[in-house]
Amino acid sequence: DLANLKAFLALPGPLAFSVLPNLPLSEEAARLIEASGKELLLHMPMEPSNGADPGPGAIGSSQSDREIEEALAQSFERFPRAAGMNNHMGSKATADERVMGAVMRYLSGRGVYFLDSRTTPDTVAVPLAARYSVPVLSRDVFVDNETEPEYIRQALESGERAALREGEAVLIGHVQN
């Protein structure tokens with residue numbers, strides 16, 4: 001939703017925005033993010049454990065390393081100035097060492113970072129990022145797993161506590177209607 005995106009882009013502070021690569025408004029959203037001076041990430045659809053459809057252009061465990069690299073190349077071609085990528089869904093893919101090895105090899109060659117949304121406790125993203133010298137961040141808090149204002153307020157406070165304790169925190173939320 002571009003109107004809601006514009007409201008979020010007006011927020012101060014170090015915010016990064018991830019955009020799914022193959023949707024009708026993806027390129028316009030990326031253009032607005034770049035014009036705002038905020039950081040753009042590729043929000044790469046990846047296979048979840050529950051069998052749900054992560055969306056067009058997804059990376060999955062049945063793909064070869066070459067197919068994974070081609071999917072990444074096509075998506076980054078749409079967002080050439082993306083500073084990195086994070087996973088959309090991906091609980092199965094991010095727990096698969098071969099899949100994540102192919103992802104990290106590609107990201108290493110591109111010189112971008114990986115933000116692990118941590119959709120599974122079984123993720124192998126951090127050790128594989130280290131193996132391929134890919135800078136990596138991990139999500140600390142999902143802000144909007146529920147849409148109730150009190151839940152969101154408590155999630156933001158949890159992120160604030162994590163940032164005070166650790167010196168930084170990564171919070172993930174969604175721009176939606």
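As shown above, the structure is provided for reference.
Residues numbered from 1 in each chain as written. Predicted model: local features only at pLDDT ≥ 70, side-chain atom pairs only at ≥ 80, totals over all residues. Heavy atoms only, no water.

Undergrad: In this structure, what is going on with the overall build of the protein? I would like to understand it.
TA: Secondary structure assignment for the protein yields six helices and seven strands. What you see in the protein, going N to C, is helices and strands ordered as α-β-α-β-α-β-α-β-α-β-β-α-β. The globule rule puts the C-alpha radius of gyration for 177 residues at 16 Å, and the 16 Å found for the protein is close to it. Referenced to the eigenvectors of the C-alpha coordinate spread, the extents of the protein come out at roughly 45 × 35 × 30 Å. Looking at the protein as a whole, 40% of its 177 residues qualify as buried. Sequence-distant contacts in the protein: of pairs separated by 6 or more residues, those separated by 24 or more amount to 65%. Working note: accessible area of the protein is about 9,400 Å², and carbon and sulfur atoms make up 51% of it. Averaging the locations of the 16 positively and 25 negatively charged side chains of the protein gives two centres separated by 3 Å. (Helix = DSSP H or I, 4+ residues; strand = E, 2+ residues; numbered from the N terminus. Rg over C-alpha atoms; globule rule 2.2 N^0.38 Å. Buried < 20%, exposed > 50% of the residue type's maximum accessible area, 1.4 Å probe, protein only. Contact = heavy atoms within 4.5 Å. Areas by Shrake-Rupley, 256 points an atom, 1.4 Å probe, with all protein chains shown as cover. Lys, Arg positive; Asp, Glu negative; His and termini not counted. Charge placed at Lys NZ, Arg CZ, Asp CG, Glu CD.)

Undergrad: Explanation requested: the nonpolar core in the structure shown.
TA: As a rule of thumb, soluble globular proteins bury nonpolar side chains together. If you look at the biggest cluster of nonpolar residues, it comprises 35 residues, and the most contacted ones within it are Ile59, Met85, Met100, Val103, Met104 and Leu107. Elements that contribute at least two residues to this core include exactly helix H1 (2-9), strand S1 (16-19), helix H2 (26-36), strand S2 (39-46), helix H3 (65-78), helix H4 (97-110) and helix H5 (125-131). At seven residues, the largest contribution of residues to this core is made by H4. Apart from the residues lying within four places of it in its own chain, the contact partners of Leu107 are Phe76, Met85, Val112, Tyr113, Phe114 and Val134. Counting residues in hydrophobic clusters, the runner-up holds six residues, among them Leu41, Tyr113, Val170 and Ile172. (Core = buried A, V, L, I, M, F, W, Y, C linked by side-chain atoms within 4.5 Å.)

Undergrad: Looking at this structure, how should I read the pattern of salt bridges?
TA: Pairing between side chains of opposite charge can happen when the charged atoms of each approach one another. Taken as a whole and judged by the stated rule, the model has eleven salt bridges. Residues Arg105 and Asp65 are paired through a salt bridge, measuring 2.8 Å at the closest nitrogen-oxygen approach. You can see Arg105 sitting in helix H4 and its partner Asp65 sitting in helix H3, a full 40 residues away along the chain. A network of salt bridges, in which partner residues are shared, links Asp65, Arg98 and Arg105. (Salt bridge = Lys/Arg side-chain N within 4 Å of Asp/Glu carboxyl O.)

Undergrad: Would you mind going over the pairing of S2 with me for this structure?
TA: On a regular strand, each side chain points to the face opposite its neighbour's, so the side chains alternate between the two faces of the sheet. Within S2, seven of the eight residues are buried, which leaves it mostly tucked inside the rest of the structure. With six bridges connecting them, S2 and strand S3 (residues 84-89) associate as parallel partners. Bridge assignment links Leu41 to a residue of S3, and that residue is Gly84. (Pairing = 2+ DSSP bridges.)

Undergrad: I'm lost on the pairing of S1 in this one. Help?
TA: Residues Phe17 and Val19 of S1 are buried on one face, while the alternating residues Ala16 and Ser18, pointing to the opposite face, are not. A crossover links S1 with its parallel partner S2, the connecting element being H2, and its sense is right-handed. (Right-handed = clockwise from strand over helix to strand, strands pointing away.)

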